[in-house]
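So the chains spell out like this:
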Amino acid sequence: MIDMRSVDKHFGDLHVLRDIDLQVPTGQVLVLLGPSGSGKSTLCRTINRLETIDSGTISIDGTQMPREGKDLARLRADVGMVFQQFNLFAHKTVLQNVMLAPMKVRGTDKATARARAHELLARVGVENQAEKYPAQLSGGQQQRVAIARSLAMGPKVMLFDEPTSALDPEMVNEVLEVMVELAGEGMTMIVVTHEMGFARRAADRVIFMADGAIVEDTTPDEFFDSPRSDRARDFLSKIHGH
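Residues numbered from 1 in each chain as written. Predicted model: local features only at pLDDT ≥ 70, side-chain atom pairs only at ≥ 80, totals over all residues. Heavy atoms only, no water.

A. Structural view of the UniProt feature "domain: ABC transporter" (unreviewed entry) in the protein chain. UniProt annotation of "domain: ABC transporter" (unreviewed entry) refers to residues 2-236 when read in the numbering used here. Counting secondary structure, residues 2-236 comes out at 38% helix and 26% strand; the distance between its end C-alpha atoms is 27 Å. (UniProt positions renumbered as here; feature names shortened; annotations may be inferred. Helix = DSSP H or I, 4+ residues; strand = E, 2+ residues; numbered from the N terminus.)

The structure is reproduced here in structure tokens:
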């Protein structure tokens, strides 16, 4: 579903992605772990070209990501993205937020978009908030709306870039629960997160990054119980120390 080959990326002198080769099969839940600044979020954002790459190729479902233009917009519609910040339109209701992209990008008619939006809001547990504006919702509810909005496009892949890091601790689980359900339904997912419990429970595969490179690529059990690299051991000892 996702195929990254020899991907390199610099921010000025900083080499943030180093020769990344990564293949993610359909239906796999991949969690990206690593210290801050290791390149996790940048990797995530290159997959739908929110960040450009210096060299290499990225393909989604067999089609190489174009650099710009209509083809990029079309392919990007297949890749849902959920950010730290919820990025909802403040002046639109929750329902309108979820209806907007399918109508604008996919050409879905209003009645169909509305019915689908209600269905998705129910699925993430916030249908009773449909007529409210984002500012009237808690952070956890807003993030669940953001997930529904991404799903409304019928994406082939979902990218989550630290989706719970801006939330109060008691709201984290309500968002992770929705993600665990999605994972169980076979959605192809790449998740950048600090939530180790989620990584253990929902991931099929863990990639540990440091200094812009993939250091370990393994199962959750292998990674948490017997990490192979010093970098990973150091990372885990700091986490378990808390």
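B. Seen up close, the layout of surface pockets. Empty space within the largest pocket amounts to approximately 540 Å³. Along the walls of the largest pocket sit 19 residues, with Val 79, Ala 101, Arg 149, Ser 150 and Met 153 positioned nearest its centre. At the level of secondary structure, the elements contributing two or more residues to the lining of the largest pocket comprise α2 (69-76), β6 (79-82), α3 (94-105) and α5 (139-151). Here the element with the most residues in the lining of the largest pocket is α3; it accounts for five residues. When its volume is computed, the second largest pocket comes out at roughly 180 Å³. Lining the second largest pocket are twelve residues; nearest its centre among them are Gly 34, Pro 35, Phe 235, Lys 238 and Ile 239. Among the residues forming the lining of the second largest pocket, the class breakdown is five nonpolar, four polar and three charged. (1 Å grid on protein atoms, 1.4 Å probe; cavity = no way out; pocket = protein on both sides within 12 Å on 5 of 7 lines; lining within 4 Å. Points joined across faces, edges and corners; volume = space filled by probe spheres on them. Nonpolar A, V, L, I, M, F, W, Y, C, P; charged D, E, K, R; others polar.)

C. Spatial organisation of the side chain of Arg 144. Tracing the sequence through the fold places Arg 144 in helix α5. Relative accessible area serves as the criterion here: at 12%, Arg 144 is assigned to the buried category. Leave out the neighbours within four places in its chain, and Arg 144 touches Val 124, Gly 125, Val 126, Glu 174, Val 175 and Val 178. (Buried < 20%, exposed > 50% of the residue type's maximum accessible area, 1.4 Å probe, protein only. Contact = heavy atoms within 4.5 Å.)

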